[in-house]
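# Structural overview for review
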Amino acid sequence: QMHACLLKKTRGRLPAPQLFADFYMPQLGELCVAFSRGDVRTFESNLDTHQDLYVKKEVLMQLYKLRMLLYRNLFKRAYLCIKSVRGQATRISLSDLHTIAVAAGWDVDQEELECILATLIQQGYIKGKLDPAREAVMLSRTAPFWREKATV
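Below you will find a few notes about this structure. (Residues numbered from 1 in each chain as written. Predicted model: local features only at pLDDT ≥ 70, side-chain atom pairs only at ≥ 80, totals over all residues. Heavy atoms only, no water.)

### Focus: the pattern of salt bridges
By the definition in use, this model includes three salt bridges. Across the pair Glu 44 and Arg 67 runs a salt bridge, and its minimum N-O distance is 2.8 Å. Of this pair, Glu 44 sits in helix H4 (residues 40-49) while Arg 67 sits in helix H7 (residues 67-86), and the two are 23 residues apart along the sequence. (Salt bridge = Lys/Arg side-chain N within 4 Å of Asp/Glu carboxyl O. Helix = DSSP H or I, 4+ residues; strand = E, 2+ residues; numbered from the N terminus.)

### A short note on the sheet that holds strand S2 (residues 128-131)
Working definition: the strands of a sheet are paired by backbone hydrogen bonds and lie parallel or antiparallel to each other. Taking strand neighbours across the sheet as the criterion, the three strands line up as S1-S3-S2 in an open arrangement whose pairing is antiparallel. The open sheet has two edge strands, strand S1 (91-93) and S2, and neither has a second partner. Adjacent strand axes in the sheet meet at a mean angle of 20° when their direction is disregarded. Sheet topology note: the S1/strand S3 (residues 136-139) ladder contains three bridges and is antiparallel. Opposite Ile 92, over in S3, you have Val 137 as the bridge partner. The strands touched by helix H8 (residues 94-103) are S1, S2 and S3; relative to S1, the strand with the most contacts, the crossing angle is about 65°. (Pairing = 2+ DSSP bridges. Axes fitted to C-alpha atoms, helices over the stretch in contact; angles between N-to-C directions. Contact = heavy atoms within 4.5 Å.)

### Notes on the environment of Leu 19
With respect to the element layout, Leu 19 can be found in helix H2 (residues 17-22). Taking C-alpha positions, Leu 19 is 8.6 Å from Gly 29, a pair spaced 10 residues apart along the chain.

Don't take any of this as a statement about function, it's just geometry.
What follows is the structure, given as structure tokens:
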């Protein structure tokens, strides 16, 4: 059942906090909150602190796989913040994203950030393209971030 809980995260849905209490794992509740906020510092700290527990419960590798979605959540929050200030955010400079990532506690250089953005775009989590000439990411005007489709 714990694996099903993590699968929900990969599909963009967050389990209810009560679920973590039922499994006596409030650590996952903290991780879930950090994941939804794109809080890299808290997410990584939680993984480091509770690594032995996650290995014992056989979920550590699944949590590592959630990192790309964590980064997507961080970029989405950055997009929403920039959009609220500028009124539009179809082009965001890599230096702005780097500044936001470092402020979120993510120790990343700009080249690695660009590679991760390229991977997120390639995997369909972000709709857009990288513009190396302008050192920016060009986002779709409509729904630049992946959302789970409703299932019938």
